[in-house]
Amino acid sequence: MIVSPMGSLKILVIVLCLILWPINLYQNFDGKISFTTIFANDYQGEQLILRNIHLYPNVLSARIFQNKARIYLNKLTDNFFILTDPNNYFFALHPEPVPGQYNIFKFPFLSIVFFLFGILNFEKYRHKAPQPYGRGIFSHASSGAKSLRSENTSLISRLTPGVFAKGDKKAVLFASLFIIAVLSMLKNFEWLNFLLWLPISIIIIRGVDGLAKNYPKFFSFFSLLFIVFSLPELIRAFIK
Amino acid sequence: MKKYATYLFLALIIAIGIATRFYKLGEAPAGLYVDEAGQGYSAYSILKTGKDEFEKSFPIVFRSLTDFKTPVYIYLVTPLIPFFGLSAFTVRFPSFLFSILTIPVLFFITQHLSKNVSLAIIGSLLLAISPWHILFGRTNFECNVALFFYLLGVLSFYLGLKNPKLFILSAVSFAIAIPSYHSQRIVTPLTLMVLFIRYKDLIFDKTRKKYIFAGIILGALILLPTLSVATTPGFLARAAGLNIFSHIRQMPDGFIASYHGILNPVINGSWFLSTREFLSLYFSYFSPRYMFFLGDYGARSSFPELSTFFLWQFPFYIYGLFLLFKKKNLGNLKFFIVLMLLISPIPAAVTRDPYTTIRALPLVVPQILIVSLGIFEFINSLKNRTGYLLIAPASVLIISYSLAKLYSSVIILNEYHRAKAWDFGWQEVVQKIQTLDQKLPIVVDNARADAYPQIAFYLKYDPGKFQSENFEVKPEEYYTNLNRVKDKHIGNITTRPIFWKEDLTKEQYLIGDELAISIQQIEVNHLTLISEVLYPDRSVAYRIVKTNPLSGSAK
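Residues numbered from 1 in each chain as written. Chains lettered and ligands numbered in written order. Predicted model: local features only at pLDDT ≥ 70, side-chain atom pairs only at ≥ 80, totals over all residues. Heavy atoms only, no water.

Caption draft 1: Geometry of the overall build of chain B. Each helix and strand counted, chain B has 26 helices and six strands in total. Taking 24 Å as the expected radius of gyration for a compact globule of 555 residues, we find that chain B reaches 26 Å, a close match to that expectation. Projected onto the principal axes, the alpha-carbon positions of chain B cover approximately 85 × 65 × 55 Å. The proportion of buried residues among the 555 residues of chain B is 58%. Expressed as a percentage of contacts within chain B between residues at least 6 apart in sequence, the contacts between residues at least 24 apart total 74%. (Helix = DSSP H or I, 4+ residues; strand = E, 2+ residues; numbered from the N terminus. Rg over C-alpha atoms; globule rule 2.2 N^0.38 Å. Buried < 20%, exposed > 50% of the residue type's maximum accessible area, 1.4 Å probe, protein only. Contact = heavy atoms within 4.5 Å.)

Below you can see the structure in the form of structure tokens.
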């Protein structure tokens, strides 16, 4: 098996991208998974609404903006925007982390470049049916820049056969949205949001693949920078 | 769309803009923040004496509370004082005026760059009802004036490509934008650099060359005073104190203080931590979480229960972003949006505060245009007649809801919940002070916050007297000496911390907030409670008490 330098670089970049979240999860997981929903009674929220209601000139206007449904709608919106916030995944929710939670680092921060490239080219991605597994995914992944230009042998199709089959983009999108919708209804989804590791990883891999294919020189340069900046993040995962 | 109908729509949008910004201007927010009062008093001092309160003639940046405020806003307030008096309305008026003027400027930019009147109308309407833009249009913030001049510079630059004389107006506008607000020291030069690179062939051809050089010379002349102090500690004070790369005050985010091993330069290296911090702050400005839910964390730069954008705009923002990258026929509008989108958050992202909408105000423009793009294409995608028929009532409903939401947050909730943040109560305190025995000294506690700007402002205290009673630095050290004298004298009033042991030994009035003068202190020290100023939620804002040295409390 011959591994080209570009192929090796891609594997290294992908591994560095994807292992941070599982490591940080393993290091920090406290075993407390709660399935309590946001619809539990919120006494404080109700008191705040009662306090605000008397500020309005009439009951109707007060009820439009101050009602109990808003308490739950706010929590749902809050959760939804946390789950769709790129800073959640690449910067541990900095600059405004969730108080009282671990807010672990999930992906190395520079991998946001791969993620954005993957997202922006999500639509462009044309996939043909994946070939059988015979040669193993990493042999395909490392088969060099030349082979990467072929859609048939692109890394994403090797790493995610079946997911990126016909109509697969929609599958990834709807699976992600479904997970986000379900998690948004939980009071605390800090550990359960690991379910999103897979769809995000697919997009990142797609970004790595696309950048390497379309901008090989930039990819080589940026990957070196990425490695330099990702190593401290990886080491920090082991420091308590 | 016919021309008269277009201008009718624009006039209607401007009317909405005026209504959302002028209603209770100067009354809501009810307080007057220390910076607003400081700028107002500096303007008053310039008007009366030609010098600021530190005896500096026509400063280039205003020393104020040693935070060195930008000058344009203060010089705009100065000529208004003879007409409107020294009031909260007056100090907030330039912000209001320029935020209104920004609406047609954005309309013409969008129309010129996209050749799409409908898109321009949607964009300017969204700006007219934008919570982000309204906030800074109702209060004394220099960023709004700077944004107007910046956009006028962009508009006249593009128009200048056809009518080169307008390059001069463009240069003047950009030159005024730079000293108008700190962020523009970064945004304007970067914008100019990109515009010059992109249009170098057009602007340096024979017919346009002379106007470009005339503009550059005029712009440089306007900037000359600013450049003359650009390297002084005063001019750089703001940037030095706030930027994330300066670790004098605070270590970078993520610094592990307990780790001292050999890997310290790697895991705690500022090259790594500061880069990560900058990027996290930078990306937060594009995050829907901040735009549509959290908003600005600052109590004065946000309204309760309202973010920078309305929640209903979120799907259009996502759709607009998609269109921005997918549509090929957006031409110069796409370039303009992307340019502003990338440049605008930079000044804000180099400062430590999360999602500061003041410093990132220019970002409101590209983000509004993205939402507009989403709305425009959504309306266009409605194929059938029923869809079109539903648009008008839906639009009226959404705009009505947005205006009602603004009223709820800006007028009702903000007044109740954010009174303290707006330094509510000083006007009432000053009214009480004027009824006290003027033979006795008055001490106003400033242990936690400066109060002299508000007192001097509401007393309309003679600036000449203020200058003679207070000395901070020599005029020649105005921009270089950052030492600050916190104690200030305004006639028989002194602003300084209360020193209980000494202050109880003589008969005088003490003024302070609830922490400075508690009920227990009044009882223990046998003070006479003269008056209490309350916040709208009935909690105590300030107390005025009189000492009784003969009661034995000073022992």
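Picking up where we left off.
Caption draft 2: Inspection of the pattern of salt bridges at higher detail. Residues and elements named next belong to chain B. Under the counting rule described, the total for this entry stands at 20 salt bridges over all chains. Here Lys-327 and Glu-377 are joined by a salt bridge, their closest N and O atoms 2.9 Å apart. With Lys-327 in the loop between α17 (314–326) and α18 (331–343) and Glu-377 in helix α20 (residues 364–381), the pair connects residues that are 50 residues apart, well separated along the chain. Linking Arg-484 and Asp-450 is a salt bridge whose minimum nitrogen-to-oxygen distance equals 2.1 Å. Here Arg-484 is found in the loop between α24 (463–469) and β2 (488–490), whereas its partner Asp-450 is found in the loop between β1 (442–444) and α23 (452–459), with 34 residues between them in sequence. In the salt-bridge network here, residues are joined through shared partners; they are Asp-35, Asp-67 and Lys-69. (Salt bridge = Lys/Arg side-chain N within 4 Å of Asp/Glu carboxyl O.)

Caption draft 3: Examining the packing of aromatic side chains more closely. All names here are of chain B. Overall, the coordinates contain 70 aromatic pairs over all chains when judged by the stated rule. With a centroid separation of 6.3 Å and an interplanar angle of 10 degrees, the aromatic rings of Phe-310 and Trp-312 are classed as stacked. For Phe-310, a relative accessible area of 3% puts it in the buried group. Above the face of the Tyr-33 ring, Arg-300 is positioned so that its terminal group lies 3.5 Å from the ring centre. (Phe/Tyr/Trp six-rings, centres within 6.5 Å; stacked < 30°, edge-to-face > 60°. Lys NZ or Arg CZ within 6 Å of the ring centre and 35° of its normal.)

Caption draft 4: A look at the pairing of strand β4 (residues 509–512) of chain B. All names here are of chain B. Side chains Tyr-509 and Ile-511 of β4 all project onto a buried face; the interleaved residues Leu-510 and Gly-512 project onto the opposite face, where all are buried too. As defined by bridge partners, β1 adjoins β4 across three bridges and the pair is classed as parallel. Within β4, the position partnered with Val-444 by the bridge is Ile-511. Strand direction decides the pairing type here: β4 and strand β6 (residues 540–546), joined by four bridges, are antiparallel. The partner of Tyr-509 across the bridge, within β6, is Lys-546. (Pairing = 2+ DSSP bridges.)

Caption draft 5: Layout of the side chain of Asn-140 of chain B. Mapped onto the elements of the fold, Asn-140 of chain B is located in the loop between α7 (131–138) and α8 (142–160). Residues in contact with Asn-140 of chain B, not counting those within four places in the same chain, are Glu-36, Gln-39, Tyr-73, Val-91 and Arg-92 of chain B.

Caption draft 6: Geometry of a nonpolar patch on the surface. All names here are of chain B. Judged by side-chain polarity, Ile-217, Leu-218, Leu-221, Ile-222, Leu-224 and Leu-227 come together as a nonpolar surface patch covering roughly 550 Å² of accessible area. Tracing the backbone shows Leu-218 in helix α12 (residues 206–228). Judged by its relative accessible area of 34%, Leu-218 falls in the partly exposed class. (Patch = residues over 30% accessible without salt bridge, like charges linked within 9 Å, V, L, I, M, F, W, Y side chains within 5 Å. Areas by Shrake-Rupley, 256 points an atom, 1.4 Å probe, with all protein chains shown as cover.)

Caption draft 7: Highlighting the packing of helix α1 (residues 5–28) of chain A against helix α12 (residues 216–236) of chain A. Residues and elements named next belong to chain A. Contact pair α1 / α12: the axes reach a minimum separation of 10 Å and the direction vectors enclose 35 degrees. In this structure, α1 crosses over α12, and the sense of that crossing is left-handed. Two secondary-structure elements touch here, α1 through Met-6, Leu-9, Lys-10, Leu-12, Val-13, Leu-16, Cys-17, Ile-19, Leu-20 and Ile-23 and α12 through Pro-216, Phe-219, Ser-220, Ser-223, Phe-226, Ile-227, Ser-230, Glu-233 and Leu-234. Among the residues making up the contact of α1 with α12, the classes are represented as 14 nonpolar, three polar and two charged. (Axes fitted to C-alpha atoms, helices over the stretch in contact; angles between N-to-C directions. Left-handed = near helix turned anticlockwise from the far one by under 90°. Nonpolar A, V, L, I, M, F, W, Y, C, P; charged D, E, K, R; others polar.)

Caption draft 8: Up close: the interface of chain A and chain B. Contacts between chain A and chain B engage 36 residues on the former and 42 residues on the latter. Carbon and sulfur atoms supply 70% of the area that chain A and chain B bury against each other, a total of about 3,600 Å² over both sides. Area buried by chain A at its contact with chain B is led by Phe-81, Glu-96 and Arg-236 of chain A, which between them contribute 19% of it. Put simply, chain A and chain B have 13 residue pairs in polar contact (both at pLDDT 80 or more) between them. At the level of elements, α2 (43–53), α4 (68–83), α6 (112–120) and α12 of chain A are the ones that each hand at least two residues to the side of chain A that touches chain B. Class assignment for the residues of the side of chain A that touches chain B results in 21 nonpolar, seven polar and eight charged. (Buried area = accessible area lost by both parts, 1.4 Å probe. Polar contact = N/O pair within 3.5 Å; in protein donor to acceptor, adjacent residues only side chain to side chain.)

Caption draft 9: Inspection of α4 of chain A at higher detail. Between the first and last C-alpha of α4 of chain A there are 23 Å, a value that for 16 residues agrees with the 22 Å anticipated at 1.5 Å per step. Those residues of α4 of chain A not exposed but buried are Arg-70, Ile-71, Tyr-72, Thr-77, Asn-79, Phe-81, Ile-82 and Leu-83 of chain A. (Expected span 1.5 Å × (residues − 1).)

Caption draft 10: Structural context of the sheet that holds strand β5 (residues 528–534) of chain B. Residues and elements named next belong to chain B. If you walk across this open sheet you meet the six strands as β2-β3-β1-β4-β6-β5, and the pairing is mixed. One side of each edge strand has no neighbouring strand; the edge strands of this open sheet are β2 and β5. Shown here is a sheet whose adjacent strand axes are inclined to one another by a mean of 20 degrees, direction ignored. Taken together, the three bridges between β1 and strand β3 (residues 493–495) define a ladder with parallel strand orientation. Counterpart to Ile-442 in the pairing with β3 is Ile-493.

Caption draft 11: Representation of the side chain of Asn-446 of chain B in the model. Residue and element names in this part refer to chain B. Among the secondary structure elements, Asn-446 is positioned in the loop between β1 and α23. For Asn-446, a relative accessible area of 1% translates into the label buried. Polar contacts involving the side chain of Asn-446 include one to the main-chain carbonyl oxygen of Lys-486, which spans 3.2 Å. If sequence neighbours within four positions are ignored, Asn-446 has contacts with Lys-486, Thr-495, Arg-496 and Pro-497.

Caption draft 12: Seen up close, the packing of helix α9 (residues 166–180) of chain B against helix α10 (residues 184–198) of chain B. All names here are of chain B. Two numbers describe how α9 lies on α10: the axes approach to 7 Å, and their chain directions differ by 150 degrees. Of the possible angle classes, the one that applies to α9 and α10 is roughly antiparallel. Residues Phe-174, Ala-177 and Ile-178 of α9 form the contact with α10, whose participating residues are Gln-184, Arg-185, Thr-188, Pro-189, Leu-192 and Leu-195. For the contact of α9 with α10, the per-class residue count stands at six nonpolar, two polar and one charged. (Parallel < 35°, antiparallel > 145°, perpendicular 65-115°, else oblique.)

Caption draft 13: Seen up close, the confidence of the model for chain B. The predicted model of chain B averages 93 in pLDDT, with 99% of residues at 70 or higher. Among the prediction metrics, the complex's ipTM stands at 0.90, with pTM recorded as 0.92. (pLDDT = per-residue confidence, 0-100.)

Caption draft 14: Just unusual backbone geometry, in detail. Of note, the bond from His-94 of chain A into Pro-95 of chain A is cis; its omega dihedral lies within 30 degrees of zero at 10 degrees. Position of Pro-95 of chain A relative to the elements: it lies in the loop between α5 (86–90) and α6. Even without being glycine, Phe-58 of chain B reaches a positive phi, approximately 35 degrees. You can see Phe-58 of chain B is positioned in the loop between α2 (34–49) and α3 (71–77). In the Ramachandran plot, Tyr-355 of chain B falls in the positive-phi region, its phi being about 40 degrees despite a non-glycine side chain. Here Tyr-355 of chain B shows up in the loop between α19 (345–349) and α20.

Caption draft 15: Expanded view of the environment of Ser-381 of chain B. Within the element layout of this structure, Ser-381 of chain B appears in helix α20. Since its relative accessible area comes to 36%, Ser-381 of chain B is described here as partly exposed.

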